[in-house]
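Coordinate inspection notes
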Amino acid sequence: MSALPLRLMLVDDEAPARARLRQLLEDVADAVPTQVLAEAADGVEALERAEHLLLDAVLVDIRMPRMDGLQLALHLARRAPAPALIFVTAYDRYAVKAFELCALDYLLKPVRAQRLQEALIRVGRQGGAARGLDAAALQTLAPEGRRHLRSSERGRVRLIPVEDVLYLKADQRYVTARTASGEYLLEDSLAQLEAEFGARFIRAHRNCLVARAAIAGYERGGEGEGSEGEAGGAEAANEAEPRWQLILRGIPDRVAASRRQWPQLRALLKG
Amino acid sequence: MAEEDESIRQFPDAAAMSAAPCGGWREWLERPLARGLAVFAASEALVGLLALMLRWGGLEPGLAAALGWGGAGAALALALSLALGARRPPSEALTEARLMALTARIRPHFLFNSLNAVLGTIRGDPRRAEAALEELAELFRAQMQDPRELVSLSEEIALCRQYLDLERLRLGERLQVQWDVANCPPDATMPRLILQPLLENAVYHGIEPLPAPGPIAIRLASAGPMVLIELSNPFRPGHVHAQGNRMALANIRERLQLFYGQAASLNVEVKGDRYQLRIVLPHRRETAL
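Description of the structure in this document. (Residues numbered from 1 in each chain as written. Chains lettered and ligands numbered in written order. Predicted model: local features only at pLDDT ≥ 70, side-chain atom pairs only at ≥ 80, totals over all residues. Heavy atoms only, no water.)

1. Side note on the overall build of chain A
Across its full length, chain A holds nine helices and 15 strands. When burial is assessed residue by residue, chain A has 51% of its 271 residues classed as buried. Here the contacts in chain A between residues at least 6 apart in sequence split such that 60% fall between residues at least 24 apart. Element-wise, carbon and sulfur atoms account for 48% of the exposed surface of chain A, whose accessible area totals about 13,100 Å². (Helix = DSSP H or I, 4+ residues; strand = E, 2+ residues; numbered from the N terminus. Buried < 20%, exposed > 50% of the residue type's maximum accessible area, 1.4 Å probe, protein only. Contact = heavy atoms within 4.5 Å. Areas by Shrake-Rupley, 256 points an atom, 1.4 Å probe, with all protein chains shown as cover.)

What follows is the structure in structure tokens.
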């Protein structure tokens, strides 16, 4: 184990629970030196605090307001490097069973110094890039995936509820999420988003995923396909045929449907 | 009911067993059929207890845990009442066992979080930690009392205040409670631990999941021949674990029914962002069922 203290964040909505962790960390400091860089009272605050920190591990409570521990884990797992995660929970038989199945580390409240020390030593031993979260394990714990997309603009973290997103669009190097109230820059690629939220979104064309529930209808149009990055290749050969675009609920934007995706989209609209 | 050892009062089955009259046990046991029944009853009790001890660690937090006691308790009561024949009317034994089974238990979630909070407070504020442990002891004591006893409204209110004080240790300013007891009849009685588990529900579902929760409001008032208890808490759809909550309410409803028959009622209503619960009880002064 390196001589450098482990850099930690403590996340729990109850102040005495955070106090207890701080005390225990002091108690085991000789065996495992640590440094608490930040504390947070819920997942949202934790993401904001973590934004500019390099963390070795996060001690995270499961049941919290706004964003719970499992949702926070899904976000932290996308960081590079991802911190190690140690869940701390009072009583949650489902979570505990899942932690064991996935070999994720967890502590039961009341937390005991010995168990905390062992968990921290494991984090130290894994070291650097090798640690971090197992995506498959997290998938098991939170099968519905993230409930928020994370947008970071000028150092401010913004969380956009996935259910508010009408469509996701890739433009050059950037992916944006469109909601009824605005457009937000994301850090994920369209392919990643499609893999994660395939049940909610359907591909309208090469550069766009549309929320299935947001599609209100379709109409003829969208001749100027070039702006959507769809021109060229096999599609351009059939330009004489009519093109379709999707009408969305709540916003005036139209989303062009590519010829390749059209059968699927039409089936969705008819079903 | 026979004198009981404190330690067995936690277990409804053992407690119900000790409720059997002691006189004449020996000659009664000489009879083969009676012995068979007694063995049956005892083995049922043992199996029930074992099952319950195993289950204790694995149940969803909440009154659901308490409901788990029901089956074994009722089976034992039935076996006992069969075995005892005319000595004890079956309905009384059943009622008692059912009450034992329905009496709210400490939620594991609440217990472990509270202990963790006390541990986190000991070094910084030892006096606060002491008070919290005393409050926890009072809650356990209340849960180990005879479930057939009725308590005065003020006693139940005092217990609720202790419970809320303990929760405040963990939740701090997030827990706001408004009491309205100006018209609370001082001499009225109610079954023990009706209000406290409902408050526990309100904290679990209405306070803990919300970042900036509104207050819990409690009102106890006299209404002619009845006593009115109203409780409301913040509500956000999707945050209530409907099933656990329904079971908790079914439990309390059944207990009210065992005490008051059709004279008492419990109704629930969601009004905007508030979850409102209303209990109506006959205004009585007796202290036992």
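2. Thoughts on the overall build of chain B
If you tally the helices and strands in chain B, you get eleven helices and seven strands. Of all 289 residues assigned to chain B, the portion counted as buried reaches 50%. In chain B, 75% of the contacts between residues at least 6 apart in sequence involve partners at least 24 apart. By element, 58% of the accessible surface of chain B is carried by carbon and sulfur atoms, the whole surface being about 13,100 Å².

3. A short note on the environment of Arg170(B)
On the secondary structure map, Arg170(B) appears in helix H9 (residues 153-171). What makes Arg170(B) buried here is its relative accessible area of 2%. In this structure the C-alpha to C-alpha distance between Arg170(B) and Leu115(B), which are 55 residues apart in sequence, comes to 9.9 Å. Sequence-distant contacts of Arg170(B), that is, excluding residues within four places in its chain, are made with Glu14(A), Ala15(A), Pro16(A), Asn113(B), Ser114(B), Ala117(B) and Glu208(B).

4. Concerning the environment of Leu277(B)
Residue and element names in this part refer to chain B. With respect to the element layout, Leu277 can be found in strand S7 (residues 274-282). Each C-alpha atom, one on Leu277 and one on Leu175, is 18 Å from the other, the two residues being 102 residues apart in sequence. The residues touching Leu277, leaving out its near neighbours within four places in the chain, are Leu198, Ile229, Glu230, Leu231, Leu249, Leu266, Asn267 and Val268.

5. A few points about the pattern of salt bridges
Pairing is possible between side chains that carry opposite charge, provided their charged atoms lie close to one another. According to the stated counting rule, one finds 38 salt bridges over all chains in the structure shown. A salt bridge links Asp146(B) to Arg148(B); its shortest N-O distance comes to 3.0 Å. The salt bridge involving Asp187(B) is made with Arg285(B); its shortest N-O contact spans 2.6 Å. With Asp187(B) in the loop between strand S2 (177-180) and strand S3 (189-191) and Arg285(B) in the segment after S7, this residue pair connects regions lying 98 residues apart in the sequence. Each of Glu14(A), Arg63(A), Glu167(B), Arg170(B) and Glu208(B) takes part in a single network of salt bridges with overlapping partners. (Salt bridge = Lys/Arg side-chain N within 4 Å of Asp/Glu carboxyl O.)

6. A word on the nonpolar core
The biggest cluster of nonpolar side chains holds 53 residues, and the ones touching the most others in it are Met190(B), Ile216(B), Leu256(B), Ile279(B) and Leu281(B). Of the residues forming this core, the biggest block, nine residues, is contributed by H9(B). Excluding anything up to four places from it in sequence, Met190(B) contacts Leu150(B), Val151(B), Leu153(B), Glu156(B), Leu195(B), Ile229(B), Tyr260(B) and Leu281(B). By size, the runner-up hydrophobic cluster in this structure holds 32 residues, among which are Val11(A), Ile62(A), Leu72(A) and Leu85(A). (Core = buried A, V, L, I, M, F, W, Y, C linked by side-chain atoms within 4.5 Å.)

7. Some thoughts on the interface of chain A and chain B
Contacts between chain A and chain B engage 19 residues on the former and 25 residues on the latter. Considering only the side of chain A, the residues that lose the most area to chain B are Glu14(A), Arg63(A) and Tyr91(A), jointly responsible for 36% of the buried surface there. Taken together, the connections running from chain A to chain B amount to four salt bridges. In this structure, Glu208(B) and Arg63(A) form a salt bridge, with 2.6 Å as the shortest nitrogen-oxygen distance. At the junction of chain A and chain B, the tally comes to seven residue pairs in polar contact (both at pLDDT 80 or more). Those elements that provide at least two residues to the side of chain A that touches chain B are helix H1 (15-27) and helix H4 (93-102) of chain A. With seven residues, the top contributor of residues to the side of chain A that touches chain B is H1(A). Across the side of chain A that touches chain B, the residue classes tally to ten nonpolar, one polar and eight charged. (Buried area = accessible area lost by both parts, 1.4 Å probe. Polar contact = N/O pair within 3.5 Å; in protein donor to acceptor, adjacent residues only side chain to side chain. Nonpolar A, V, L, I, M, F, W, Y, C, P; charged D, E, K, R; others polar.)

8. Describing the sheet that holds S2(B)
Residues and elements named next belong to chain B. The mixed open sheet is built from five strands, whose spatial order is S2-S4-S5-S7-S6. What marks the edges here is a single partner per strand, and that holds for S2 and strand S6 (265-271). Strand-to-strand twist in this sheet, taken as the mean axis angle between neighbours without regard to direction, amounts to 15 degrees. Summarising the sheet, S2 and strand S4 (residues 216-223) pair through four bridges and their orientation is parallel. Bridge pairing links Gln178 to Ala217 in S4. With respect to the sheet, H9 is in contact with S2, S4 and strand S5 (226-234), its orientation differing from that of S2 by roughly 170 degrees. (Pairing = 2+ DSSP bridges. Axes fitted to C-alpha atoms, helices over the stretch in contact; angles between N-to-C directions.)

9. Things to note about the sheet that holds strand S2 (residues 34-40) of chain A
All names here are of chain A. As summarised here, the arrangement of the five strands in space is S2-S1-S3-S4-S5, forming an open sheet in which the pairing is parallel. Looking at strand neighbours, the two that pair on one side only are S2 and strand S5 (105-108), the edges of this open sheet. Direction aside, neighbouring strands of the sheet carry axes that sit 25 degrees apart on average. Where strand S1 (residues 6-11) meets S2, six bridges bridge the pair, whose relative direction is parallel. Among the inter-strand pairings, Val11 is bridged to a residue of S2, identified as Ala40.

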